Amino acid sequence: MTGIISTIFGIGATVSLFLIYLQKNRSKLLLCKLSADICWIIHYFYLGAYSGMVPGTVGIFRELIFLNREKHKWCNKIIWPIIFILCNWALGYMTYKTPADLLPIIASTFVTVSLWLKNPYFTKMISVPVSIVFIIYNFYVHSYIGIFNESLFAVCNLVAYLVLGKIAVNLPTRNVMKHVGIFLFFVARGKSLFFFKSV
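Please read these numbers as outputs of a predicted model, since none were measured by experiment.

Draft legend 1. Up close: the overall build of the protein. Of regular secondary structure, the protein possesses ten helices and zero strands. Helices and strands in the protein line up, N terminus first, as α-α-α-α-α-α-α-α-α-α. Classification of the 199 residues of the protein by burial places 47% in the buried group. Here the analysis covers contacts within the protein between residues at least 6 apart in sequence; of these, 64% occur between residues at least 24 apart. Surface exposure of the protein reaches about 10,700 Å², of which carbon and sulfur atoms provide 73%.

Following this line, the structure appears as structure tokens:
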């Protein structure tokens, strides 16, 4: 039963993260991230992977503060990302059992920095190394939906960054993801990519 609950919330987290890539607005991007954090906390709790819960737990408070940076001056202080990074490492220390337990903490540190910067494109691109770190951790805790999720988004981000390059910077995110989907479809079928020159 716990495995089913864990999987359901893992799927919920994956859907929430996918919705991030359809957002043009930074606030909506952070709201999707907040929803994903809640789902991942429950997912890792039912797996007994308590160190995996740390990024989501800190992330809930982090996104609430970051969402209000434009509304309240006190939310826009540089002290906030520092506090959240320190909280990550403090909770990581409390849940530490093996070196693998440090992986989510390292990943969350990068996420905190990327979300603080007001650049949605950079936020998405920095998720590639974050995904690699979490893939390793998910193998360790047997989170198969986590492995699928991180692998999928690492590939999408990498393709957007390496193949689309400047196109990804200039187009709305929705169009970028459409072209990433087209790219993956043609790669799977072994087709030529010359059509990107006319995009």
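From this point, the discussion proceeds with the structure in view.
Draft legend 2. Region of interest: the confidence of the model for the protein. Summarising the model, the protein shows a mean pLDDT of 78, and 78% of its residues fall at 70 or more. Across the protein, helix α4 (residues 79-95) holds the top mean pLDDT of 95, while helix α10 (residues 173-188) sits lowest at 44.

Draft legend 3. Region of interest: the nonpolar core. Ranked by size, the top nonpolar core spans 35 residues in total, and within it Trp 40, Tyr 44, Phe 66 and Tyr 137 carry the most contacts. Contributions of two or more residues to this core are made by α1 (2-20), α2 (26-47), α3 (50-67), α4, α5 (103-116), α7 (127-141) and α8 (144-164). For this core, the leading source of residues is α2, giving eight residues.

Draft legend 4. A look at α2. The end-to-end C-alpha distance of α2, which contains 22 residues, comes to 31 Å, matching closely the 32 Å that a straight helix rising 1.5 Å per residue would cover. Following α2 by one or two positions, Gly 48 adopts a phi angle in the positive range, close to 75°.

Reading guide: rules and limits
- Residues numbered from 1 in each chain as written.
- Predicted model: local features only at pLDDT ≥ 70, side-chain atom pairs only at ≥ 80, totals over all residues.
- Heavy atoms only, no water.
- Helix = DSSP H or I, 4+ residues; strand = E, 2+ residues; numbered from the N terminus.
- Buried < 20%, exposed > 50% of the residue type's maximum accessible area, 1.4 Å probe, protein only.
- Contact = heavy atoms within 4.5 Å.
- Areas by Shrake-Rupley, 256 points an atom, 1.4 Å probe, with all protein chains shown as cover.
- pLDDT = per-residue confidence, 0-100.
- Core = buried A, V, L, I, M, F, W, Y, C linked by side-chain atoms within 4.5 Å.
- Expected span 1.5 Å × (residues − 1).

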